[in-house]
Amino acid sequence: MKRLLLLSLCVLACVTAYPEDSMTQILDMIAEDSPRLKAAAQAYMTERADNARIRALDAPDMEFNMLWGNDGIGNRNDVKVTQSVDMATISGKKGSLAASLDRQSSYHYQSEYIEVLYDARILLADIVYYNRLIETLDSYQSAMKALYDKTERSLKAGEATSIDMGKVRLQLSSARTAAAVAVTERAALIESLRTVSGHPDIDFTGTVYECDELPVDFDSWLATAVAGSPMVRYLDSKVQSSEFQLDMDKMAWAPKLDVGYMAELARTDKYRGVTLGVSIPLWSNSLNVRRSRSAVSQAVAENDWRKQEFITQATNAWNSAHSMAEIAAESQRDLELSDTRALLDRALEAGELSVLDYLIESGMYYDAVKENLKVQQQYHHALSELYRFAPAEDIE
């Protein structure tokens with residue numbers, strides 16, 4: 001399935017040169033300083049340290065004996081050191097399992113990184129929306145204040161009625177209330193941004209959305225998303241590690257090899273040399289093998305359905321982003337063509353338009369502006385969701 005879209009539909013308020021107070025800079029700051037990511041990075045290091053224990057050999061056995069002999073014979077001291085090595089270590093399966101678990105830890109961190117940046121993109125898009133909404137409401141409030149002052153003068157001159165004055169006062173109050181609510185909502189978002197970023201004094205006053213290009217080839221985009229998804233790679237690695245564990249459980253049947261050094265030290269005779277032996281398991285390992293086989297089947301089944309779920313979610317994100325791009329572009333175009341504020345002001349000044357008609361017409365325009373702002377916000381939500389499926393970089 002392929003869908004082509006003009007790059008102009010990447011939409012509207014996207015820019016390529018970023019100001020100092022930009023979404024891009026804040027996202028970079030979050031990627032570097034986010035407390036949530038720092039905790040995830042520490043968890044990653046802890047998991048790697050834990051996985052390293054899988055590679056470690058069993059602790060060596062050390063033995064010292066002191067034997068007393070009869071008079072004339074003397075005492076004897078025995079020293080023995082042995083190291084036990086199982087077949088899983090000799091074959092390298094333990095190392096392979098540890099490496100696979102290391103990769104899983106890496107993919108888990110990458111997934112956390114993507115989620116943090118996704119949440120930050122949504123948060124910044126919402127702040128941009130409220131910054132623009134506050135500007136719009138301030139502009140409408142200024143227009144209503146100017147109309148209020150004009151109507152008040154007209155009322156004193158007998159050219160307007162108290163009913164006109166009441167209608168203007170009501171619209172001015174409504175604009176002030178809406179602006180106050182928007183300021184309150186923005187303040188809450190800024191506090192969330194400070195928590196996410198780890199910077200208690202950060203602010204963001206930008207009114208321009210910044211976005212990457214909207215991809216146009218679905219097949220290549222989806223293939224790249226699947227191949228680079230840390231979640232998909234985590235699932236593949238989980239299947240692999242469960243297979244390594246099954247191999248190790250099967251090898252538990254094999255005898256362990258014991259290699260060591262031994263010395264017998266007496267008054268007159270001293271014996272030294274290496275020791276070699278095996279430890280033969282006498283107890284059944286069948287339950288462990290059965291459990292590991294079941295774990296492999298479970299990992300494969302989970303891999304299948306979660307990959308399909310990933311593809312479905314990615315397809316929905318693609319369709320939503322491209323659909324919202326078209327809607328947002330059309331909304332912006334219609335709004336620009338229907339801006340009649342200057343004509344309304346001239347008609348009101350010339351007495352060609354009543355106060356009521358002016359309120360209705362200007363109110364309709366500002367409602368359209370607010371609707372357009374909401375559409376742009378929803379588009380950038382959809383775009384953030386789309387880039388949630390972007391490939392992640394490997395970490396060491």
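Look up a bit, the structure's there.
Anyway, here's the lowdown on the structure attached to this text.

What counts and how
- Residues numbered from 1 in each chain as written.
- Predicted model: local features only at pLDDT ≥ 70, side-chain atom pairs only at ≥ 80, totals over all residues.
- Heavy atoms only, no water.
- Helix = DSSP H or I, 4+ residues; strand = E, 2+ residues; numbered from the N terminus.
- Buried < 20%, exposed > 50% of the residue type's maximum accessible area, 1.4 Å probe, protein only.
- Contact = heavy atoms within 4.5 Å.
- Areas by Shrake-Rupley, 256 points an atom, 1.4 Å probe, with all protein chains shown as cover.
- Expected span 1.5 Å × (residues − 1).
- Patch = residues over 30% accessible without salt bridge, like charges linked within 9 Å, V, L, I, M, F, W, Y side chains within 5 Å.
- Salt bridge = Lys/Arg side-chain N within 4 Å of Asp/Glu carboxyl O.
- Core = buried A, V, L, I, M, F, W, Y, C linked by side-chain atoms within 4.5 Å.
- Phe/Tyr/Trp six-rings, centres within 6.5 Å; stacked < 30°, edge-to-face > 60°.
- Lys NZ or Arg CZ within 6 Å of the ring centre and 35° of its normal.
- Axes fitted to C-alpha atoms, helices over the stretch in contact; angles between N-to-C directions.
- Parallel < 35°, antiparallel > 145°, perpendicular 65-115°, else oblique.
- Nonpolar A, V, L, I, M, F, W, Y, C, P; charged D, E, K, R; others polar.

## Observations regarding the overall build of the protein chain
Part 1: Looking only at helices and strands, one finds 10 helices and 4 strands in the protein chain.
Part 2: Going through the 396 residues of the protein chain one by one, you find that 38% of them count as buried.
Part 3: Look at the contacts in the protein chain between residues 6 or more apart in sequence, and 81% of them connect residues 24 or more apart.
Part 4: For the protein chain, the accessible surface area stands at approximately 22300 Å², while carbon and sulfur atoms represent 55% of it.

## What about helix 5 (residues 162-197)?
Part 1: For helix 5, which comprises 36 residues, the first-to-last C-alpha distance of 52 Å matches the rise-based estimate of 52 Å (1.5 Å per residue) to within 8%.
Part 2: Among all positions in helix 5, only Asp 164, Met 165, Val 168, Leu 172, Ala 175, Ala 179, Ala 182, Arg 186, Leu 189, Ile 190, Leu 193 and Ser 197 are buried.
Part 3: Buried residues along helix 5 sit against helix 1 (23-33), helix 2 (35-55), helix 4 (93-156) and helix 10 (355-386).
Part 4: Positive phi shows up at Gly 198, right after helix 5, with a value of about 80°.

## With respect to a nonpolar patch on the surface
Part 1: Side chains of Met 87, Ile 90, Leu 257, Val 259, Leu 276 and Val 278 sit close together on the surface and give an oily, nonpolar patch of about 530 Å² of accessible area.
Part 2: Listing elements by their share of the nonpolar patch, those giving two or more residues are helix 3 (87-91), strand 3 (256-266) and strand 4 (270-279).
Part 3: Tracing the backbone through its elements, the reader meets Val 278 in strand 4.
Part 4: Assessed through its relative accessible area of 53%, Val 278 is described here as exposed.

## Notes on the pattern of salt bridges
Part 1: Taken as a whole, this structure holds 12 salt bridges when the rule is applied.
Part 2: Here Asp 119 ties to Arg 36 by a salt bridge, and the two come within 3.2 Å at their closest N and O atoms. With Asp 119 in helix 4 and Arg 36 in helix 2, the pair connects residues that are 83 residues apart, well separated along the chain.
Part 3: For Asp 119, a relative accessible area of 36% puts it in the partly exposed group.
Part 4: For Arg 36, a relative accessible area of 37% gives the class partly exposed.
Part 5: In this structure, Glu 191 and Arg 194 form a salt bridge, with 2.9 Å as the shortest nitrogen-oxygen distance. Taken together, the residues Glu 191 and Arg 194, both in helix 5 and 3 residues apart, mark about one turn of the helix.
Part 6: Residue Glu 191 is classed as partly exposed on the basis of its relative accessible area, which comes to 44%.
Part 7: The exposure class of Arg 194 is partly exposed, given its relative accessible area of 23%.
Part 8: By sharing partners, the salt bridges in this structure join Arg 36, Glu 112 and Asp 119 into a single network.

## Considerations on the nonpolar core
Part 1: Ranked by internal contacts, the top residues of the largest apolar core, which has 49 residues, are Leu 193 and Phe 204.
Part 2: Of all the secondary structure elements, the ones that give two or more residues to this core are helix 1, helix 2, helix 4, helix 5, helix 9 (341-349) and helix 10.
Part 3: Counting residues per element, this core draws most heavily on helix 4, at 18 residues.
Part 4: In contact with Leu 193, not counting residues within four places along its chain, are Ile 26, Ile 30, Leu 123, Leu 124, Ile 127, Ile 202 and Phe 204.
Part 5: By size, the runner-up hydrophobic cluster in this structure holds 22 residues, among which are Leu 214, Val 232, Leu 235 and Ala 325.

## Let's talk about the packing of aromatic side chains
Part 1: Summed over the entire model, instances satisfying the criterion amount to 9 aromatic pairs.
Part 2: Ring geometry for Tyr 44 against Tyr 109: centres 6.3 Å apart, planes inclined by 40°, an arrangement best described as tilted. Here the residue Tyr 44 occupies a position in helix 2, and Tyr 109 occupies one in helix 4, the gap between them amounting to 65 residues.
Part 3: A residue is classified by how much of its surface remains accessible, and Tyr 44, at 5% relative accessible area, is buried.
Part 4: Note on Phe 218 and Trp 221: the rings are 6.2 Å apart at their centroids and 40° apart in plane angle, and the pair reads as tilted. Of this pair, Phe 218 and Trp 221 both sit in helix 6 (residues 218-228), 3 residues apart, roughly one helical turn. Each of the two residues, Phe 218 as well as Trp 221, counts as buried.
Part 5: Aromatic ring contacts, followed pair by pair, group Phe 218, Trp 221, Phe 310, Trp 318 and Phe 389 into a single cluster.
Part 6: A cation over an aromatic ring shows up here: Lys 374 above the ring of Tyr 129, its NZ or CZ 4.5 Å from the ring centre.

## Let's talk about the packing of helix 1 against helix 5
Part 1: Where helix 1 contacts helix 5, the two axes come as close as 8 Å, and the packing angle between them is 45°. The orientation of helix 1 with respect to helix 5, classified from their angle, is oblique. Contact residues: helix 1 offers Ile 26, Ile 30 and Asp 33, while helix 5 offers Leu 193, Val 196 and Ser 197.
Part 2: In the contact of helix 1 with helix 5, the residues fall into 4 nonpolar, 1 polar and 1 charged.

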